[in-house]
Amino acid sequence: MSELTRFGVSLEKDLLDKFDDHIKKQSYETRSKAISDLIKENVESNILDSTGTLAGAVTFLYSHHNKDLVSKLLEVQHETHDLIISMQHIHLDHDTCLEILAVRGESSKVRALYYKIKPLKGVKIASISATSIS
Ligand code: NI
(Lines give C-alpha, C1' and ligand atoms only; values in the text may rest on other atoms or scores of the structure.)
Protein backbone atom coordinates (compact mmCIF):
# COMPACT_ATOMS: atom_id res chain seq x y z
CA MET A 1 0.00 0.00 0.00
CA SER A 2 1.33 3.43 -0.87
CA GLU A 3 1.75 6.26 1.62
CA LEU A 4 -1.48 7.82 2.92
CA THR A 5 -2.11 11.49 2.15
CA ARG A 6 -4.60 13.82 3.81
CA PHE A 7 -6.49 16.41 1.79
CA GLY A 8 -9.32 18.85 2.45
CA VAL A 9 -12.63 18.87 0.62
CA SER A 10 -15.26 21.61 0.67
CA LEU A 11 -18.82 20.42 0.15
CA GLU A 12 -22.32 21.79 0.57
CA LYS A 13 -23.59 20.68 3.98
CA ASP A 14 -26.73 19.11 2.50
CA LEU A 15 -24.62 17.00 0.16
CA LEU A 16 -22.31 15.90 2.96
CA ASP A 17 -25.32 14.93 5.11
CA LYS A 18 -26.71 12.86 2.23
CA PHE A 19 -23.31 11.28 1.70
CA ASP A 20 -23.06 10.37 5.39
CA ASP A 21 -26.53 8.78 5.30
CA HIS A 22 -25.63 6.95 2.12
CA ILE A 23 -22.40 5.47 3.43
CA LYS A 24 -24.00 4.60 6.77
CA LYS A 25 -26.51 2.40 4.93
CA GLN A 26 -23.56 0.65 3.30
CA SER A 27 -21.97 0.07 6.72
CA TYR A 28 -18.91 2.21 6.11
CA GLU A 29 -17.21 3.07 9.38
CA THR A 30 -15.34 6.08 8.04
CA ARG A 31 -15.75 8.65 5.31
CA SER A 32 -12.16 8.04 4.27
CA LYS A 33 -12.87 4.45 3.22
CA ALA A 34 -16.05 5.45 1.39
CA ILE A 35 -14.30 8.28 -0.46
CA SER A 36 -11.37 6.01 -1.25
CA ASP A 37 -13.75 3.45 -2.78
CA LEU A 38 -15.52 6.15 -4.78
CA ILE A 39 -12.23 7.39 -6.16
CA LYS A 40 -11.11 3.86 -7.01
CA GLU A 41 -14.36 3.18 -8.83
CA ASN A 42 -13.94 6.39 -10.75
CA VAL A 43 -10.24 6.22 -11.51
CA GLU A 44 -9.95 2.51 -12.04
CA SER A 45 -13.21 2.03 -13.84
CA ASN A 46 -13.02 -0.40 -16.70
CA ILE A 47 -14.97 2.03 -18.85
CA LEU A 48 -12.48 4.80 -18.33
CA ASP A 49 -9.44 2.72 -19.15
CA SER A 50 -10.73 0.24 -21.66
CA THR A 51 -9.71 0.11 -25.29
CA GLY A 52 -11.53 -1.33 -28.26
CA THR A 53 -15.25 -0.95 -28.75
CA LEU A 54 -17.67 0.03 -26.00
CA ALA A 55 -21.44 -0.39 -26.00
CA GLY A 56 -23.78 0.98 -23.38
CA ALA A 57 -25.76 4.01 -22.30
CA VAL A 58 -25.08 7.61 -21.42
CA THR A 59 -27.85 8.93 -19.16
CA PHE A 60 -28.39 12.48 -18.00
CA LEU A 61 -30.92 14.87 -16.48
CA TYR A 62 -31.31 18.54 -17.32
CA SER A 63 -33.76 21.42 -17.36
CA HIS A 64 -35.17 22.13 -20.80
CA HIS A 65 -35.72 25.77 -19.76
CA ASN A 66 -31.99 26.35 -20.27
CA LYS A 67 -32.04 26.98 -24.02
CA ASP A 68 -28.26 27.33 -24.30
CA LEU A 69 -27.85 23.91 -22.72
CA VAL A 70 -30.48 22.32 -24.97
CA SER A 71 -28.68 23.79 -27.98
CA LYS A 72 -25.28 22.49 -26.79
CA LEU A 73 -26.69 19.04 -26.10
CA LEU A 74 -28.14 18.87 -29.61
CA GLU A 75 -24.85 20.06 -31.09
CA VAL A 76 -22.85 17.42 -29.20
CA GLN A 77 -25.25 14.68 -30.28
CA HIS A 78 -25.11 15.70 -33.92
CA GLU A 79 -21.30 15.89 -33.79
CA THR A 80 -21.23 12.32 -32.46
CA HIS A 81 -24.18 10.86 -34.38
CA ASP A 82 -22.01 7.95 -35.53
CA LEU A 83 -21.70 6.78 -31.90
CA ILE A 84 -25.37 7.15 -30.93
CA ILE A 85 -27.41 4.09 -31.88
CA SER A 86 -30.62 5.47 -30.44
CA MET A 87 -31.82 8.15 -28.10
CA GLN A 88 -34.73 8.33 -25.71
CA HIS A 89 -36.01 11.62 -24.34
CA ILE A 90 -38.39 11.50 -21.39
CA HIS A 91 -40.18 14.62 -20.10
CA LEU A 92 -39.91 13.72 -16.41
CA ASP A 93 -41.87 16.70 -15.16
CA HIS A 94 -42.58 20.33 -16.06
CA ASP A 95 -38.90 21.27 -15.79
CA THR A 96 -36.77 18.20 -16.10
CA CYS A 97 -35.81 16.03 -19.04
CA LEU A 98 -34.15 12.63 -18.92
CA GLU A 99 -32.16 11.49 -21.91
CA ILE A 100 -30.70 8.06 -22.50
CA LEU A 101 -28.27 7.66 -25.36
CA ALA A 102 -27.54 4.12 -26.47
CA VAL A 103 -23.96 4.28 -27.67
CA ARG A 104 -21.53 2.04 -29.48
CA GLY A 105 -18.11 2.92 -30.75
CA GLU A 106 -14.41 3.22 -30.19
CA SER A 107 -13.85 3.60 -26.45
CA SER A 108 -12.02 6.93 -26.57
CA LYS A 109 -14.78 8.43 -28.72
CA VAL A 110 -17.52 7.13 -26.39
CA ARG A 111 -15.65 8.57 -23.41
CA ALA A 112 -15.21 11.88 -25.24
CA LEU A 113 -18.95 12.04 -25.88
CA TYR A 114 -19.65 11.43 -22.18
CA TYR A 115 -17.10 14.06 -21.12
CA LYS A 116 -18.68 16.60 -23.46
CA ILE A 117 -22.08 16.15 -21.80
CA LYS A 118 -21.21 15.62 -18.14
CA PRO A 119 -19.52 18.99 -17.43
CA LEU A 120 -22.10 21.15 -19.22
CA LYS A 121 -23.59 23.73 -16.89
CA GLY A 122 -27.17 22.71 -16.18
CA VAL A 123 -26.66 18.97 -16.56
CA LYS A 124 -27.87 17.86 -13.15
CA ILE A 125 -26.41 14.40 -13.23
CA ALA A 126 -24.79 12.26 -15.89
CA SER A 127 -23.65 8.69 -15.86
CA ILE A 128 -22.26 6.14 -18.25
CA SER A 129 -22.79 2.43 -18.13
CA ALA A 130 -20.90 0.63 -20.83
CA THR A 131 -19.03 -2.54 -21.47
CA SER A 132 -16.24 -3.52 -23.79
CA ILE A 133 -17.53 -5.61 -26.70
CA SER A 134 -14.24 -6.14 -28.54
NI1 NI B 1 -38.20 16.99 -22.18
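Just above, that's the structure.
Below is a short write-up of the structure.

The rules behind the values
- Residues numbered from 1 in each chain as written.
- Predicted model: local features only at pLDDT ≥ 70, side-chain atom pairs only at ≥ 80, totals over all residues.
- Heavy atoms only, no water.
- Phe/Tyr/Trp six-rings, centres within 6.5 Å; stacked < 30°, edge-to-face > 60°.
- Buried < 20%, exposed > 50% of the residue type's maximum accessible area, 1.4 Å probe, protein only.
- Donors = N, O, S within 2.8 Å, 3.2 Å for Na, K, Ca; no water.
- Pairing = 2+ DSSP bridges.
- Helix = DSSP H or I, 4+ residues; strand = E, 2+ residues; numbered from the N terminus.
- Axes fitted to C-alpha atoms, helices over the stretch in contact; angles between N-to-C directions.
- Contact = heavy atoms within 4.5 Å.

1. Remarks on the packing of aromatic side chains
The geometry of an aromatic ring pair is captured by the separation of the ring centres together with the interplanar angle, meaning the angle of the planes.
Right, on to step 1. As enumerated under the stated definition, the model contains two aromatic pairs in all.
Right, on to step 2. Ring geometry for Phe60 against Tyr62: centres 5.9 Å apart, planes inclined by 25°, an arrangement best described as stacked.
Right, on to step 3. Residue classification places Tyr62 among the buried residues on the basis of a relative accessible area of 3%.
Right, on to step 4. Where Tyr114 meets Tyr115, the ring centres are 5.3 Å apart and the plane angle is 45°; that geometry is what we call tilted.
Right, on to step 5. Here Tyr114 falls in the buried class, since its relative accessible area comes to 6%.

2. Here we look at the coordination of the nickel ion
Right, on to step 1. Looking at the metal site, the nickel ion is ligated by His89 (NE2), His91 (ND1) and Cys97 (SG), spaced 2.0 to 2.3 Å from it.
Right, on to step 2. Mapping the donors of the nickel ion onto the primary sequence gives the spacing H-x1-H-x5-C.
Right, on to step 3. Note on Cys97: relative accessible area 2%, which makes it buried.

3. As for the sheet that holds strand E4 (residues 123-132)
Right, on to step 1. Taken in spatial order, the four strands line up as E2-E3-E1-E4 in an open sheet, and their pairing is antiparallel. Of all the strands in the sheet, just strand E2 (84-91) and E4 have a single pairing partner and so form its edges. The mean inter-strand angle of the sheet, taken between neighbouring strand axes irrespective of direction, is 10°.
Right, on to step 2. Of the strand pairs in this sheet, strand E1 (residues 53-63) and strand E3 (residues 96-106) are connected by 11 bridges, and their pairing is antiparallel. Within E3, the position partnered with Ala57 by the bridge is Ala102.
Right, on to step 3. Helix H4 (residues 67-79) contacts E1, E2, E3 and E4 of the sheet and is inclined by roughly 170° relative to E1.
Right, on to step 4. Its contacts with the sheet put helix H5 (residues 107-117) on E1, E2, E3 and E4, and the angle it makes with E3 is roughly 160°.

Taken by themselves, the reported measurements are silent on function.
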